Amino acid sequence: PIMGSILSKPIAIMDMVFYYNIVACNKVIYVGRTFHFNRRKQQHEYATNHPPLFSWSTKNNTKLYKRIRELGGWEKVSMNFLEHRKCKSKEEMSDREMYWIHKYKSPHLCNSYLL
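If you're wondering where the values come from, they're calculated on a predicted model, not measured in any experiment.

With that settled, consider the packing of helix H1 (residues 37-49) against helix H2 (residues 63-70). Between H1 and H2, the shortest axis-to-axis distance is 9 Å and the interhelical angle comes to 65 degrees. One element, H1, and the other, H2, form an angle in the roughly perpendicular class. Handedness of the crossing formed by H1 with H2: right-handed. On H2, the residues that touch Arg 40, His 44, Ala 47 and Thr 48 of H1 are Leu 64, Tyr 65, Ile 68 and Arg 69. For the contact of H1 with H2, the class distribution of residues is four nonpolar, two polar and two charged.

One finds Ile 22, Ile 29, Leu 64 and Ile 68 to be the most contacted residues of the largest nonpolar core, which totals 14 residues. Counting residues per element, the ones that place at least two in this core are strand S1 (16-24), strand S2 (27-34), H1, H2 and strand S3 (77-86). No other element matches S1, which puts four residues into this core. Ile 68 has contacts with Ile 22, Ile 29, Thr 48, Gly 73, Trp 74 and Val 77, leaving out every residue within four places of it along the chain. Core analysis: the second largest hydrophobic core is formed by 11 residues, Val 23, Val 28, Cys 87 and Met 93 among them.

Overall, antiparallel pairing links the three strands, which are arranged S2-S1-S3 in an open sheet. On the outer flanks of this sheet lie S2 and S3, each paired with one strand and no other. Here the average twist between neighbouring strands, direction ignored, is 20 degrees. Where S1 meets S3, nine bridges bridge the pair, whose relative direction is antiparallel. Along S3, the bridge assignment pairs Tyr 20 with Phe 81. Each of S1, S2 and S3 is contacted by H1, which is oriented at about 150 degrees to S3, the strand it contacts most. Along the sheet face, H2 touches S1, S2 and S3 and points at about 140 degrees away from the line of S2.

Along its 13 residues, H1 runs 18 Å from first to last C-alpha, staying within 8% of the 18 Å computed at 1.5 Å per residue. Those residues of H1 that fall on the buried side of the exposure criterion are Phe 37, His 44, Ala 47 and Thr 48. Viewed along the axis of H1, the buried residues span an arc of 100 degrees, placing them on a single side of the element. Every exposed residue of H1 that faces more than 90 degrees away from the buried side is listed here: Asn 38 and Gln 42. Packing partners of the buried residues in H1 comprise S1, S2, H2 and S3.

What counts and how
Residues numbered from 1 in each chain as written. Predicted model: local features only at pLDDT ≥ 70, side-chain atom pairs only at ≥ 80, totals over all residues. Heavy atoms only, no water. Axes fitted to C-alpha atoms, helices over the stretch in contact; angles between N-to-C directions. Helix = DSSP H or I, 4+ residues; strand = E, 2+ residues; numbered from the N terminus. Parallel < 35°, antiparallel > 145°, perpendicular 65-115°, else oblique. Left-handed = near helix turned anticlockwise from the far one by under 90°. Contact = heavy atoms within 4.5 Å. Nonpolar A, V, L, I, M, F, W, Y, C, P; charged D, E, K, R; others polar. Core = buried A, V, L, I, M, F, W, Y, C linked by side-chain atoms within 4.5 Å. Buried < 20%, exposed > 50% of the residue type's maximum accessible area, 1.4 Å probe, protein only. Pairing = 2+ DSSP bridges. Expected span 1.5 Å × (residues − 1). Arc of directions from axis to C-beta.

Put into structure tokens, the structure is as follows:
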């Protein structure tokens, strides 16, 4: 598994999960989850501000980061805390993320599995 990925964490420490969205032009373009809200915000900002050197590279070149760059960069979006919730399983964690995705679902949502 990818180092630092939520799915690579043992279930025993999967308790409090932050859910958040990223908003641009008054529209939610992304819904995500993390164990460390501030660290994840810094990671999103870094990935947005450091595009890959080569167009074929996938590092920092996801649909989300491309879209944020098109909109003018990280300064043009906001990352908002939605909820801090205790989860007892990966399935519960994913189900709650899907709840938020469906709540904000719009043609502008950049979650790759919704495009």
